[in-house]
Amino acid sequence: MFISQIVTVTVPVADQERALAFYTEVLGFEVRTDNPFPMGRWLTVAPKGVASTLLLASWFPGMTPIGGLVLASPDLDALAARLGEHGVAFEGPADQPWGRQLLFQDPFGNGFVVSQA
């Protein structure tokens, strides 16, 4: 095996504080690292107990939003309610041939697919 895991996925954001609030307060992620970095902060978040992290990076102003990052949730209806409470637009939950899913974007246009686990 040449690669053993995905460690970090860079998510472009325009405002790290706003991104931090969204990922921790709306999605319930925890902060893994928040350290000074020459171009801002090295700020990573993840769901509790998950090894892979999301790097909320503001130093790539020309980077376009990512799309199609797939997450898992044990309760898509609860997630939909949470997103709605915070004014986040979403599609679903909907049953698909491959399973149940919900789609949403973060405040910076990064797109996520959430599958029911």
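Think of each chain on its own: its residues are numbered from 1, step by step along the sequence as written. Two thresholds apply to this predicted model, a pLDDT of at least 70 for residue-level local features and 80 or more for giving and counting side-chain atom pairs, whereas whole-chain, interface and lining totals are computed over all residues. Side-chain figures throughout are based on the complete set of non-hydrogen atoms in the structure, without hydrogens or water.

Participant: How do you make sense of unusual backbone geometry when you look at a structure like this?
Facilitator: Glycine aside, residues mostly have negative phi, and peptide bonds are mostly found in the trans state. Between Gly-92 and the following residue, Pro-93, the backbone shows a cis peptide bond with an omega angle of 0°. Tracing the backbone through its elements, the reader meets Pro-93 in strand E6 (residues 90–96). Numbering of helices and strands runs from the N terminus; a helix is a DSSP stretch of H or I covering at least four residues, while a strand is a stretch of E covering at least two.

Participant: Help me out: how do you make sense of the side chain of Arg-41 in this one?
Facilitator: With respect to the secondary-structure elements, Arg-41 resides in strand E3 (residues 40–46). Side chain to side chain, Arg-41 and Asp-34 meet in a polar contact 2.8 Å long. Apart from the residues within four sequence positions on either side, Arg-41 is in contact with Gln-16, Glu-17, Leu-20, Asp-34, Asn-35 and Trp-59. Polar contact criterion, stated in full: a pair of N or O atoms within 3.5 Å, where within protein one must be able to donate a hydrogen and the other to accept it, and residues adjacent in sequence count only if both atoms are side-chain atoms. Here a residue-residue contact requires only that any non-hydrogen atoms of the pair lie within 4.5 Å.

Participant: Can you help me understand the sheet that holds E3 in this one?
Facilitator: Strand pairing in a sheet relies on backbone hydrogen bonds, with the paired strands running either antiparallel or parallel. Here, strands pair whenever DSSP counts at least two bridges between them. Strand order in the open sheet formed by 4 strands is E1-E4-E3-E2, and the pairing between neighbours is mixed. Each end of this open sheet is capped by a strand with a single partner; those strands are strand E1 (8–12) and strand E2 (30–37). When strand polarity is set aside, the average angle formed by the axes of neighbouring strands in this sheet is 25°. For E3 and strand E4 (residues 53–57), the ladder comprises 2 bridges, and the chain directions are antiparallel. Across the sheet, Val-45 pairs through a bridge with Leu-54, a residue of E4. Only the stretch in contact is used when fitting a helix axis, every axis being a line fitted to C-alpha atoms; angles between N-to-C directions are given from 0 to 180 degrees. Along the sheet, helix H1 (residues 16–26) contacts E1, E2, E3 and E4; its crossing angle with E3, the most-contacted strand, is approximately 10°.

Participant: I would appreciate a short explanation of the packing of aromatic side chains in the present structure.
Facilitator: Where two aromatic rings form a pair, the distance of their centres and the angle of their planes describe that pair. Planes of paired rings set the category: under 30 degrees apart is stacked, over 60 is edge-to-face and the rest tilted, where pairs are Phe, Tyr or Trp rings (Trp by its six-membered ring) whose centres lie within 6.5 Å. Throughout the structure, instances matching the rule amount to 9 aromatic pairs. Between Tyr-23 and Phe-112, the aromatic rings sit 6.3 Å apart at their centres with planes inclined by 70°, giving edge-to-face as the arrangement. Here Tyr-23, found in helix H1, pairs with Phe-112, found in strand E8 (residues 111–116); they are 89 residues apart in sequence, far enough to count as distant. Geometrically, the ring pair formed by Phe-37 and Trp-59 is tilted, given 4.7 Å between the ring centres and 35° between the ring planes. Remark: Trp-59 occurs in the loop between E4 and strand E5 (69–73) and Phe-37 occurs in strand E2; sequence separation between them is 22 residues. The partly exposed category is assigned to Phe-37, whose relative accessible area is 26%. Three or more aromatic residues joined by ring pairs form one cluster here, namely Phe-22, Tyr-23, Phe-29, Phe-104 and Phe-112. Cation placement over rings: the criterion is NZ of Lys or CZ of Arg within 6 Å of the ring centroid and within 35° of the ring normal. The positively charged end of Arg-18 is found above the aromatic ring belonging to Phe-108, 5.3 Å away from the centroid. Per-residue accessibility, obtained with a 1.4 Å probe over protein chains only, is compared with the maximum for each type, and a residue is labelled buried under 20%, exposed over 50%, and partly exposed between these values.

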